[in-house]
Amino acid sequence: NAGVTQTPKFQVLKTGQSMTLQCAQDMNHEYMSWYRQDPGMGLRLIHYSVGAGITDQGEVPNGYNVSRSTTEDFPLRLLSAAPSQTSVYFCASSVTSGGSSYNEQFFGPGTRLTVL
Amino acid sequence: AQSVAQPEDQVNVAEGNPLTVKCTYSVSGNPYLFWYVQYPNRGLQFLLKYITGDNLVKGSYGFEAEFNKSQTSFHLKKPSALVSDSALYFCLVRGGATNKLIFGTGTLLAVQP
């Protein structure tokens, strides 16, 4: 298994540009999520999905969109990049959430995004 | 409100000495507690978790953690530190009415040879 994969590893954008961060998992996990990591703040949840066709907002969703058309893929779209979105982005997946919320999450290697 | 605290930004320990990385939490009901490790330029890796049962939980790479309900703590421990243990460690808690997963801010562990 490749686990959770993310592309690209690094990206530099100009303010106002849009882009999509890719995330894929091959473990048939129902639950997928996107986090951003900023110094001194731990990880904060952006959006999550409990299954194909179902997405919901996390703690910091503004400026980001997601979709979940398949179990495997969960792309994160930046609609109009801003310098405040400079961060490291992690995608994660787990077997289920909700009632089985003790399942650990598997994290991708991250995407380092800089917005100028 | 649900929260988790890692009171130390950095822990320094000499190789071969025991190490402790502290975590305290606040959540209503029974918590689910996790420890993850992040090596430089890598994603988070799962170390161990407490769900129920024995208060001492053993995990990967020789780490263990002790759940203390009265002190609302879940400290990460290892009897003998290795230089390769140097990394960023995160404590996570899930529970309460919202069942949200909350991350601590992380503790940087530096093991000196």
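Right, let's walk through the structure included here.

What counts and what doesn't
Residues numbered from 1 in each chain as written. Chains lettered and ligands numbered in written order. Predicted model: local features only at pLDDT ≥ 70, side-chain atom pairs only at ≥ 80, totals over all residues. Heavy atoms only, no water. Helix = DSSP H or I, 4+ residues; strand = E, 2+ residues; numbered from the N terminus. Rg over C-alpha atoms; globule rule 2.2 N^0.38 Å. Buried < 20%, exposed > 50% of the residue type's maximum accessible area, 1.4 Å probe, protein only. Contact = heavy atoms within 4.5 Å. Areas by Shrake-Rupley, 256 points an atom, 1.4 Å probe, with all protein chains shown as cover. Salt bridge = Lys/Arg side-chain N within 4 Å of Asp/Glu carboxyl O.

Concerning the overall build of chain B
Inference 1: Regarding its fold elements, chain B presents 0 helices and 12 strands.
Inference 2: Traced from its N-terminal end to its C-terminal end, chain B shows the element sequence β-β-β-β-β-β-β-β-β-β-β-β.
Inference 3: For chain B, whose C-alpha radius of gyration is 13 Å, the value lies close to the compact-globule estimate of 13 Å for 113 residues.
Inference 4: C-alpha extents for chain B along the principal axes are approximately 45 × 30 × 20 Å.
Inference 5: Looking at chain B as a whole, 46% of its 113 residues are labelled buried.
Inference 6: Long-range pairs, those at least 24 residues apart, make up 57% of the contacts in chain B between residues at least 6 apart in sequence.
Inference 7: When the accessible area of chain B is evaluated, it comes to approximately 5,400 Å², of which 50% is carbon and sulfur surface.

Considerations on the pattern of salt bridges
Inference 1: Taken as a whole and judged by the stated rule, the model has 6 salt bridges over all chains.
Inference 2: Residues Asp38 of chain A and Arg44 of chain A are paired through a salt bridge, measuring 2.8 Å at the closest nitrogen-oxygen approach.
Inference 3: With relative accessibility at 10%, the residue Asp38 of chain A sits in the buried group.
Inference 4: With a shortest N-O distance of 2.8 Å, Lys78 of chain B and Asp85 of chain B are connected by a salt bridge. The pair Lys78 of chain B / Asp85 of chain B is uniform in exposure class, with both members buried.

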